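# Observations on chain architecture
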Amino acid sequence: MSRKAFRLPFGRETAGPPVTGDPDRLREENRQLKRAVEELSILNDLARTIGASVDSQDIIHKIVDRSMRAVQAEQTVVTLVAREEDRNAKTLVRVNTSSSEHPKYHLNDTLLGWMYLYKKPLLCTNPGEDERFKSARWDHAVRSVLCVPLLVKGALIGVISCYNKRGGDGGFTEEDQRLLAIIAGQSAQIIENARLYEEEKALGRMKEELRLAAQIQQDLLPKKPPVVDGYDLCATSIAALMVGGDYFDFIPQSAGRTAICLGDVSGKGMPASLLMASLQATLRGQSALKSAVSEIVARSNTFLYHNTDPEKFATLFMGVLDPASGELSYCNAGHERPILVRAGGRVDRLMEGGLALGVLETFPYGEGRATLDPGDFLVVYSDGIPEATDELGNFFGEERLLACLQKNAALPAPALMAAVIEAVRGHEKGSPRADDLTIVVVRRAGA
């Protein structure tokens, strides 16, 4: 009968039936066959257990457990790393599984750098004397290290590291290296899919939180302007992101007066929106004290200084309108200068005030006065309007704003406000908006 070759799993070959009378060869072939069966069992078990989960931590713990048992390691670590283009990125996830008598070992930066560079398995016996890693600091208890990369489409997403072969001073073998490399190849894409799934879920939660924050922010702004006899008031705020840092408000005062506020908080997004809400609450609380405008602004400045980070600040225009006389007492704290357009076409700018809020602990804010005569209108706006840019980066600018106001001077306040927003959007021509757009218009009826 002819002897036919047969193949064991993973590329090991042997001749046909063992030769009778060769016990050493028989034992070796039995050992290899037993090892192959064990490896297949480990791989099948791993595929079944990690394929049923989408939790990255659960998957990693299962990989650690199976890897440690597969190569008989004292300890196994799975380290997930940042994307390869960020070579200086730190480890994102580290999972250790080991018996309590062993200290926890860590993948050092030198070894991780080697993996980034070569992206291939590494078997290192007595690492403290390995010339490749002579600059690395090893724990004295580390006798041998086996590392294999986790690769997805050629990019390194992590490393499986095994430390110290159990059962003696012998190190890991090439068979251990081959098996761990197969485990890594089988696991990498599943880990990446689980991580992407969790990132997608986190992004979904973040979007929902932003949506709720945007709704809360809109609810904090006045639903409609107050009704003031002889005056036409309107306002709007359009956030560049889902939530913004601009703020406007109409605060009722004693004797039928109305406080008109427009603020612009430094930064964008959620941090700016939170500071905006704090500023609104502060101004409403201070306004209840029936103080002069400059005193309200000064106390709000001190509060903001003590309760925000040093890099945070807010510009603010606050004016209190007496509808009977048309007098406006105001304080401009570092804000864009509001435009007061007279019935005859003359333009005044409201500048009296001082620094932005939160820059200095105390500041002697000034207070200005202006009068809205019949036919006059006041436009208060944030810097997002003059600083709106087109596709070439050209600003909308104050000249275009003034021209738009003069062209539409006869329109009611809501139509005038809409004309300004339309002019800004026409200038942008669909370019991404860098800042929030906020505007308040107050028109006094003509004689």
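Residues numbered from 1 in each chain as written. Predicted model: local features only at pLDDT ≥ 70, side-chain atom pairs only at ≥ 80, totals over all residues. Heavy atoms only, no water.

What follows deals with the overall build of the protein. When you go through the protein residue by residue, the secondary structure sums to eight helices and 18 strands. Here the contacts in the protein between residues at least 6 apart in sequence split such that 66% fall between residues at least 24 apart. Counting only carbon and sulfur atoms, one obtains 53% of the accessible surface of the protein, whose full area is about 22,300 Å². (Helix = DSSP H or I, 4+ residues; strand = E, 2+ residues; numbered from the N terminus. Contact = heavy atoms within 4.5 Å. Areas by Shrake-Rupley, 256 points an atom, 1.4 Å probe, with all protein chains shown as cover.)

Our focus in this paragraph is the packing of helix α5 (residues 269-287) against helix α6 (residues 293-307). Axis separation between α5 and α6 bottoms out at 10 Å; the angle between their running directions is 140°. The pairing of α5 with α6 is recorded here as oblique in orientation. Our pair here, α5 against α6, has a crossing hand that is right-handed. On α6, the residues touching Leu 275, Ser 278, Thr 282, Leu 283, Gln 286 and Ser 287 of α5 are Ile 296, Arg 299, Ser 300, Phe 303 and Leu 304. Among the residues making up the contact of α5 with α6, the classes are represented as five nonpolar, five polar and one charged. (Axes fitted to C-alpha atoms, helices over the stretch in contact; angles between N-to-C directions. Parallel < 35°, antiparallel > 145°, perpendicular 65-115°, else oblique. Left-handed = near helix turned anticlockwise from the far one by under 90°. Nonpolar A, V, L, I, M, F, W, Y, C, P; charged D, E, K, R; others polar.)

We now examine the sheet that holds strand β14 (residues 347-349). Sheet strands pair by backbone hydrogen bonding; their relative direction is either parallel or antiparallel. An order of β8-β18-β17-β13-β14 is seen for the five strands of this open sheet, with the pairing classed as antiparallel. If you trace the sheet from one side to the other, it starts and ends with β8 (231-238) and β14, each paired once. If you compare each strand with its neighbour and ignore which way they point, the axes differ by 15° on average. The sheet strands contacting helix α7 (residues 397-407) are β13 (339-341), β14 and β17 (377-381), and the helix crosses β17 at an angle near 150°. (Pairing = 2+ DSSP bridges.)

Quick look at the confidence of the model for the protein now. Summing up the model confidence of the protein, the mean pLDDT is 83 and the portion of residues at 70 or higher is 83%. Taken element by element, the protein is modelled with least confidence in strand β1 (residues 6-7), mean pLDDT 39, and with most confidence in β17, mean pLDDT 98. When the criterion is pLDDT under 50, residues 1-15 qualifies, and its contacts beyond four places in sequence or with other chains add up to 33 contacts. (pLDDT = per-residue confidence, 0-100.)

Along the chain, Arg 66 falls in helix α2 (residues 56-71). With a relative accessible area of 14%, Arg 66 lands in the buried category. (Buried < 20%, exposed > 50% of the residue type's maximum accessible area, 1.4 Å probe, protein only.)

The next thing to look at is the pattern of salt bridges. Within the structure shown, the criterion is met by 14 salt bridges. A salt bridge links Arg 66 to Asp 65, with the nearest nitrogen and oxygen atoms 3.4 Å apart. Residue Arg 349 is joined to Glu 398 by a salt bridge in which the shortest nitrogen-to-oxygen separation is 3.3 Å. With Arg 349 in strand β14 and Glu 398 in helix α7, this residue pair connects regions lying 49 residues apart in the sequence. (Salt bridge = Lys/Arg side-chain N within 4 Å of Asp/Glu carboxyl O.)

Turning next to the pairing of strand β7 (residues 155-165). With ten of eleven residues buried, β7 lies mostly within the body of the structure. In this sheet, β7 lies alongside strand β3 (residues 73-80) in antiparallel orientation, the contact comprising seven bridges. Its bridge partner being in β7, Thr 76 is matched across the sheet by Cys 162. For strand β6 (residues 144-152) and β7, the ladder comprises eight bridges, and the chain directions are antiparallel. Bridge pairing in β7 links Leu 146 to Cys 162. Counting the residues that bridge the hairpin from β6 to β7 gives two residues, and of these Lys 153 lies at a positive phi of roughly 55°.

So, about unusual backbone geometry. One non-glycine residue with positive phi stands out, namely Asn 126, at about 55°. Along the chain, the position of Asn 126 falls in the loop between β5 (122-125) and β6. For Ala 255, which is not glycine, the phi torsion reads 60° and is therefore positive. The class of Ala 255 is exposed, set by a relative accessible area of 73%.

The next thing to look at is the side chain of Thr 438. As for its position among the elements, Thr 438 is in strand β18 (residues 437-444). Residue classification places Thr 438 among the buried residues on the basis of a relative accessible area of 0%. Of the polar contacts made by the side chain of Thr 438, one reaches the side chain of Asp 246; its length is 2.8 Å. Apart from residues lying up to four places away in sequence, Thr 438 is in contact with Thr 236, Ser 237, Asp 246, Tyr 247, Phe 248, Leu 262, Val 380, Tyr 381, Ser 382 and Ile 385. (Polar contact = N/O pair within 3.5 Å; in protein donor to acceptor, adjacent residues only side chain to side chain.)

Right, let's talk about the packing of aromatic side chains for a bit. Considering all chains together, one arrives at six aromatic pairs under this definition. Ring centres of Phe 248 and Phe 250 lie 6.3 Å apart, and the angle between their planes is 65°; this geometry places the pair in the edge-to-face category. Both residues of the pair, Phe 248 and Phe 250, count as buried. Judged by centre distance (5.0 Å) and plane angle (65°), the ring pair of Phe 363 and Tyr 365 falls under edge-to-face. For Phe 363, a relative accessible area of 26% translates into the label partly exposed. Three or more aromatic residues joined by ring pairs make a cluster, and in this case those are Trp 114, Tyr 118, Phe 133 and Trp 138. (Phe/Tyr/Trp six-rings, centres within 6.5 Å; stacked < 30°, edge-to-face > 60°.)

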